[in-house]
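Residue-level structural notes
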Amino acid sequence: MPQPHPPFKPCPCGSGRSYAACCQPFHTGERDAPTPELLMRSRYAAYALADSDYVRRTWHPDTVPSDLDLNDGVKYTGLKIHRAEESEVDFTASMKGPGGQAHRMRERSRFVQWDGRWVYLDAAE
């Protein structure tokens, strides 16, 4: 179950906007993310809020994992977008593991249009 996040607080994606003005409308299904970068940001926020339903909904059905546990004790602490061009977004996600150890994950994500909306396909090699 997703963790509650007050709509007036800053969005977990790091945009500097309130959650209500940023990723919340995507998470609630009010609207779809119009670009790969905004989808990347909303997916990061969903990971931070343990919203596995949203993460699954925005993952291409051919590549979505069968097991997805977002209640694993990881705390997401920051997102930096390095480059967003066409259907790829290069980013670094910062997090802390259950024991408090800091981690960074850099990925170049690929997105595609599927059923009229952007979805995450996979990590580019």
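Scoring rules and cut-offs
Residues numbered from 1 in each chain as written. Predicted model: local features only at pLDDT ≥ 70, side-chain atom pairs only at ≥ 80, totals over all residues. Heavy atoms only, no water. Helix = DSSP H or I, 4+ residues; strand = E, 2+ residues; numbered from the N terminus. Buried < 20%, exposed > 50% of the residue type's maximum accessible area, 1.4 Å probe, protein only. Contact = heavy atoms within 4.5 Å. Areas by Shrake-Rupley, 256 points an atom, 1.4 Å probe, with all protein chains shown as cover. Pairing = 2+ DSSP bridges. Axes fitted to C-alpha atoms, helices over the stretch in contact; angles between N-to-C directions.

**Quick notes on the overall build of the protein chain**
When helices and strands are tallied, the protein chain shows three helices and four strands. Secondary structure elements in the protein chain, listed N-terminal to C-terminal, are α-α-α-β-β-β-β. Relative to its 125 residues, the protein chain shows a buried fraction of 40%. Long-range pairs, those at least 24 residues apart, make up 37% of the contacts in the protein chain with a sequence separation of at least 6. Counting every atom, the protein chain has about 7,100 Å² of accessible surface; 48% of that belongs to carbon and sulfur.

**Overview of the sheet that holds strand β4 (residues 117-123)**
Ordered by their spatial adjacency, four strands build an open sheet running β1-β2-β3-β4, and the pairing between neighbours is antiparallel. Every other strand in the sheet has two partners, leaving β1 (75-85) and β4 as the edge strands with one partner each. Looking at each pair of strands side by side, their axes are set apart by 35 degrees on average, direction ignored. Its contacts with the sheet put helix α2 (residues 36-48) on β1, β2 (88-96), β3 (102-114) and β4, and the angle it makes with β1 is roughly 170 degrees.

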